[in-house]
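Each chain, letter by letter, is given below.
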Amino acid sequence: MACLTPAAKARTLEDILKDKGVITAEDYAEATRNPALAYYQPGKGMTIETADGNYKAQIGGYAQLIYRYSDYDDSARNNKSDFDIRRFKIQLKGHLVNRKFGYKFQGEMAGGFKTEDAYLNYTFGAPLVLQGGQFKPPQARQELTSASRQLFPDRSLANDTFNFGRDQGIQVAGSFKHELLQYRVGVFNGNGPNISNPDNHLMYNGRIDINPFGSFRMNEAGFPPQQVLLNLGASFSYNTVTGDDVGSNFDKDNDVLDKALNLDAMTKAEFTTAYGKDLKVQVMTANVNYKWSALTIAGEYYAMNADPELGEDWDADGYYLQAGYQVLPQTLEVGVRYAAIDSDSKTATRRVSAEFDKSETQVGVNYYFNKHLAKLQTDLTFVQDDLQNDSDDVVFRLQAQFYY
């Protein structure tokens, strides 16, 4: 009777060649190395890459869950208490073909899916990176700093009035002398994300940053650095708005059009009657950011000029000043911020579409379980609006953030 034995494990070609001495142990290790690697990195999500590193994909994101209590000064309004998914983002980024050819996709899932970032870039070298698609144009530093890396649960009143959000276009960027000097210059539609340009006018943006003591990452928390850090930055933007751009022809992610100018409240006919064929808008910002030990200080100034074909031009500006100190390094942080915005008033010849004179004072506390990967933030905001009666409100916020 034949004896049945377990089948022997089949040898690969590499095994045979190694056993016959045709290839070395080093050749065998190289030939049998896993062609793809998969691993998880906290804060970056799941990563898959080829063994040679030429193709890489990271998928992850973060969420912010918030509770707000609003105490309204106006007795005709009921106080409000609500829970909300403030942000829930999914990110896919990496590179393909080689490490110089990068890409990123980011979508916002809170309140219905919306594409935020979708771009490709190519790094010729540190001084020159070419990028095209949808992303944030060069503008104020606080707007360019991720919402997940803010000192407070959200950005300042001034930034939320004078930012461009995301847009579609192309930019060149780079740095010199180990990021002593950084620059970004771009051309964009000027209508916000996921919106095509209805006319032949484009928005032009540029930004420059100087870091005299070394690289200064866009991170507002005061995690103790190894040295004193200082950032001085400025940006400039120019856009020509026409009647074709108003109403639903721009996305409200562009707060210059939505809040500083309030153009979503106008029809094309109303725009043409008030301003003529176009409205030229310039926005300038300047900032200073400083870190030393557990202390972080930041301030930014915003200035806007709107120049219509008809009537007088008008100005608006705003600023914020904030400071944070980590009482327990890497764990417990306290912060304070003051922000204000102001605009010219409407006259017979100055037909402004938005008027404001408002300020906010905020105090906050942050608790970090693992830096920005898992944290709790809470703050109390005191609102003062000099153009509105019964509008000196108080808002309490508690926000939990986690990366996945």
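Definitions and cut-offs
Throughout this description, residue numbers start from 1 for each chain and increase along the sequence as written. In keeping with the model being predicted, local features are shown solely for residues with a pLDDT of at least 70 and side-chain atom pairs are shown and tallied solely at 80 or more, while totals for entire chains, interfaces and linings include all residues. Side-chain measures were taken over the full set of non-hydrogen atoms in the model, leaving aside hydrogen atoms and water. Only DSSP runs of H or I with at least four residues qualify as helices, and only runs of E with at least two residues qualify as strands; both kinds are numbered from the N terminus onward. Only protein chains enter the accessibility calculation, which uses a 1.4 Å probe; a residue whose area is less than 20% of its type maximum is buried, one above 50% is exposed, and one in between is partly exposed. Throughout, a residue-residue contact means that at least one pair of heavy atoms, one from each residue, lies within 4.5 Å. Only the protein chains shown count as cover for residues, and all accessible areas are computed by the Shrake-Rupley method using a 1.4 Å probe. Only residues whose relative accessible area exceeds 30% and that take part in no salt bridge are eligible for patches, with like-charged residues grouped when within 9 Å of each other and nonpolar side chains (Val, Leu, Ile, Met, Phe, Trp, Tyr) grouped when within 5 Å. Salt bridge, as used here: a side-chain nitrogen of Lys or Arg that lies within 4 Å of a carboxyl oxygen of Asp or Glu. A positive count includes Lys and Arg, and a negative count includes Asp and Glu. His and the chain ends are not counted in either. For charged residues, the charge sits on one atom: NZ in Lys, CZ in Arg, CG in Asp, CD in Glu. By definition, two strands form a pair when at least two bridges between them are found by DSSP. In predicted models, pLDDT denotes the confidence assigned by the predictor to each residue on a 0 to 100 scale. Note on aromatic contacts: the rings of Phe and Tyr and the six-membered ring of Trp form a pair at centre separations within 6.5 Å, being stacked when their planes are under 30 degrees apart, edge-to-face when over 60 apart, and tilted otherwise. Any Lys NZ or Arg CZ found within 6 Å of a ring centre and within 35 degrees of that ring's normal is scored as a charge over the ring.

Next up on the list: the overall build of the protein chain. Per the secondary structure count, the protein chain includes five helices and 18 strands. Across its three principal directions, the C-alpha atoms of the protein chain cover 110 × 50 × 50 Å. Burial statistics for the protein chain: of 404 residues in total, 44% are counted as buried. A fraction of 57% describes how many contacts in the protein chain between residues 6 or more apart in sequence connect residues 24 or more apart. If you sum the accessible surface of the protein chain, you get close to 20100 Å²; carbon and sulfur atoms cover 58% of it.

Let us look at a negative patch on the surface. A contiguous patch of negative charge on the surface is contributed by Asp71, Asp73, Asp342, Asp386, Asp390 and Asp392. Exposure remark for aspartate 342: the relative accessible area of 35% places this residue in the partly exposed category.

In this section: the environment of lysine 114. Position of lysine 114 relative to the elements: it lies in strand S6 (residues 114–125). Looking at lysine 114, the relative accessible area reads 30%, which means it is partly exposed. Taking the C-alpha atoms as reference, lysine 114 lies 9.6 Å from lysine 89; in sequence the two are 25 residues apart. Here lysine 114 is in contact with Gln106, Gly107, Glu108, Pro193, Asn194, Asp251 and Asp253, once residues within four sequence places are set aside.

With that out of the way, let us pick up the pattern of salt bridges. In the structure shown here, the tally under the stated rule is 20 salt bridges. The residue aspartate 154 makes a salt bridge to arginine 87 at a minimum N-O spacing of 3.0 Å. Note that aspartate 154 is positioned in the loop between helix H3 (141–144) and strand S8 (167–176) and arginine 87 in strand S4 (residues 80–95), a separation of 67 residues in sequence. Residues aspartate 154 and arginine 87 agree in their burial class; the two are buried.

Okay, the pairing of strand S15 (residues 332–343) next. Of the pairings in the sheet, the one linking strand S14 (residues 314–328) to S15 comprises 12 bridges and is antiparallel in character. Across the sheet, the residue bridging to glutamine 322 is arginine 337, located in S15. Between S14 and S15, which pair antiparallel one after the other, the connecting turn spans three residues, and glutamine 330 there sits at a positive phi close to 70°. One ladder, built from 11 bridges, connects S15 with strand S16 (residues 357–368); its direction is antiparallel. Bridge pairing in S16 links alanine 340 to serine 359.

Turning to the confidence of the model for the protein chain, a few remarks are in order. Confidence along the protein chain averages 93 in pLDDT terms, with 96% of residues attaining 70 or more. Every residue in residues 1–8 is under pLDDT 50, and counting partners more than four places away or in other chains gives zero contacts.

Let us look at the packing of aromatic side chains. Evaluated as defined, the whole model comprises 17 aromatic pairs. Between tyrosine 122 and phenylalanine 124, the ring centres sit 4.9 Å apart and the planes meet at 70°, which makes this aromatic pair edge-to-face. Between phenylalanine 162 and tyrosine 302, the ring centres sit 6.0 Å apart and the planes meet at 25°, which makes this aromatic pair stacked. In this pair, phenylalanine 162 sits in the loop between H3 and S8 while tyrosine 302 sits in strand S13 (residues 295–308), placing the two residues 140 residues apart along the sequence. Comparing phenylalanine 162 with tyrosine 302, the two get one shared label, buried. Through a chain of ring-to-ring contacts, three or more aromatic side chains come together here, namely Phe162, Tyr302, Tyr320 and Phe356. Lying over the aromatic face of tyrosine 72, arginine 77 brings its terminal NZ or CZ to 3.7 Å of the ring centre. Looking at lysine 371, its charged tip hangs above the ring of phenylalanine 223, at a distance of 5.4 Å from the centre.

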